[in-house]
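# Structural characterization, general
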Amino acid sequence: MESNLLIYLDGEFVPRNEAKISVFDHGFLYGDGVFEGIRAYNGKIFRLAEHVDRMYDSAKTIDLQIPITKEEMTKTIIEVCKKNNLTDCYIRPIVSRGPGDLGLDPRKCPKPTVVVIAIEWGAMYGDLYEKGLTGVCVSVRRVPAESMPPNVKSLNYLNSILGKIEATYKGGDEAIFFDTNGYLSEGAGDNIFIVKNGTIITPPTLNNLRGITRAVALEMAKSLGIEVIERNAGYFDLYSADEVFVTGTAAEIAPVTVIDGRKIGTGMPGPITRQFMEIFQTVVAREGTPIQ
């Protein structure tokens, strides 16, 4: 990452090495805050309004008052890209509860911290888009919705990190989570789709993030006339699938060709997954909020 990178921090643009927050910030102490991951392609920020809306919905759910308006946040995100001369990048807006004391009480945090980072970012999985990811169904369960709603994109990602650690130890590229009821949830950082007999199955979004790229995939399926069923799924559905793919801002659309040692379908990215990957590139090429 370039040393002259400019970071937005509470109303100022500061060099990367000077972008610092208090050790008493509840985002640092407790993971108390929200964030988004956004991509820009060829000078246009993809689905910017949807990401900003989701961030403010996450903040409202945890009773965090973001100190700038949606319009100001949108302009700030664009400005960070401009100031760093970025056209293809990954953007990370973050709002934490802000500095307080060592107690849990959020009322001790009078001013939230707002940060926006933008960096150059290529294909997350490199050449694995051609041969497919290896998935591991991890023993770590997705935090149940009644404990902390997975639809809140919070700074507390330890649940996902524990799953990622387990998947890595077991030789996997991606962790596949189930919920405490034994239903398929999502990946460590992406939504999951199963293709069986030309139909797409994906879990409802109560136990997983309401992904922006997930929504794009649903739009593509509708335009192609492919039936999508949102229902609970389990190990049987994964192992016996014709195709499995994951979607996410960082991951984009990525095939999963092995799960827990089982070859999925032919063991290569399937035709529907490949079609979705191709169409997705055309969608991101034509849509977006211009940076300049």
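Structure: see above.
Quick caveat: nothing in here was measured; it's all calculated off a predicted structure.

## Observations concerning the overall build of the protein chain
Helix and strand counts for the protein chain come out as eight helices and 17 strands. Against the globule reference of 19 Å for 292 residues, the protein chain gives a C-alpha radius of gyration of 19 Å, in line with a compact fold. Along the first, second and third principal axes, the C-alpha set of the protein chain runs to 55 × 45 × 30 Å. Of all 292 residues assigned to the protein chain, the portion counted as buried reaches 52%. Considering only contacts in the protein chain between residues 6 or more positions apart, those separated by 24 or more positions represent 69%. Of the roughly 13,800 Å² of accessible surface on the protein chain, 55% is carried by carbon and sulfur atoms.

## Topic: a nonpolar patch on the surface
The grouping of Ile21, Val23, Phe24, Phe28, Tyr30, Leu102 and Leu104 at the surface amounts to a nonpolar patch, some 740 Å² of accessible area in total. For Phe24, the position within the fold is in the loop between strand S2 (12-15) and helix H1 (26-30).

## With respect to the packing of helix H6 (residues 212-224) against helix H8 (residues 271-286)
At a closest axis distance of 11 Å, the pairing of H6 and H8 adopts a crossing angle of 110°. Judged by the inter-axis angle, H6 sits roughly perpendicular to H8. Counted together, Thr213, Val216, Ala217, Met220, Ala221 and Leu224 of H6 and Gln275, Phe276, Ile279, Phe280 and Val283 of H8 form the full contact between these two elements.

## Points about the nonpolar core
General note: in soluble globular proteins, nonpolar side chains tend to be found buried as a group. Counting residues in each nonpolar core, the largest one holds 39 residues, and the members touching the most others are Leu238, Val244 and Phe276. Phe276 has contacts with Ile200, Ala217, Met220, Ala221, Leu224, Ile226, Phe245 and Ile253, leaving out every residue within four places of it along the chain. Grouped together as the second largest cluster of nonpolar side chains are 27 residues, Tyr56, Cys81, Cys89 and Val95 included.

## Quick word on the state of the cysteines
Disulfides are covalent bonds that link the sulfur atoms of two cysteine residues. Scanning the model with the defined rule gives zero disulfides in all. Looking at Cys81, it has no disulfide partner, and the nearest cysteine sulfur is the one in Cys89, 3.9 Å off. Judged by its relative accessible area of 0%, Cys81 is buried.

## Overview of helix H3 (residues 70-83)
Between its first and last C-alpha, H3 extends 20 Å over 14 residues, near the 20 Å set by a 1.5 Å rise per residue. All of the buried residues along H3 are Met73, Thr76, Ile77, Ile78, Val80 and Cys81. Positioned one or two residues after H3, Asn85 has a phi angle of 50°, which is positive.

## What to know about the side chain of Arg47
Tracing the chain through its elements places Arg47 in the loop between strand S5 (44-45) and helix H2 (48-61). Judged by its relative accessible area of 10%, Arg47 is buried. Engagement of the side chain of Arg47 in a polar contact is seen with the side chain of Glu219, the distance being 2.9 Å. For Arg47, the contacting residues outside a window of four places in its chain are Ile212, Val216, Glu219 and Glu287.

Conventions used here
Residues numbered from 1 in each chain as written. Predicted model: local features only at pLDDT ≥ 70, side-chain atom pairs only at ≥ 80, totals over all residues. Heavy atoms only, no water. Helix = DSSP H or I, 4+ residues; strand = E, 2+ residues; numbered from the N terminus. Rg over C-alpha atoms; globule rule 2.2 N^0.38 Å. Buried < 20%, exposed > 50% of the residue type's maximum accessible area, 1.4 Å probe, protein only. Contact = heavy atoms within 4.5 Å. Areas by Shrake-Rupley, 256 points an atom, 1.4 Å probe, with all protein chains shown as cover. Patch = residues over 30% accessible without salt bridge, like charges linked within 9 Å, V, L, I, M, F, W, Y side chains within 5 Å. Salt bridge = Lys/Arg side-chain N within 4 Å of Asp/Glu carboxyl O. Axes fitted to C-alpha atoms, helices over the stretch in contact; angles between N-to-C directions. Parallel < 35°, antiparallel > 145°, perpendicular 65-115°, else oblique. Core = buried A, V, L, I, M, F, W, Y, C linked by side-chain atoms within 4.5 Å. Disulfide = S-S within 2.5 Å. Expected span 1.5 Å × (residues − 1). Polar contact = N/O pair within 3.5 Å; in protein donor to acceptor, adjacent residues only side chain to side chain.

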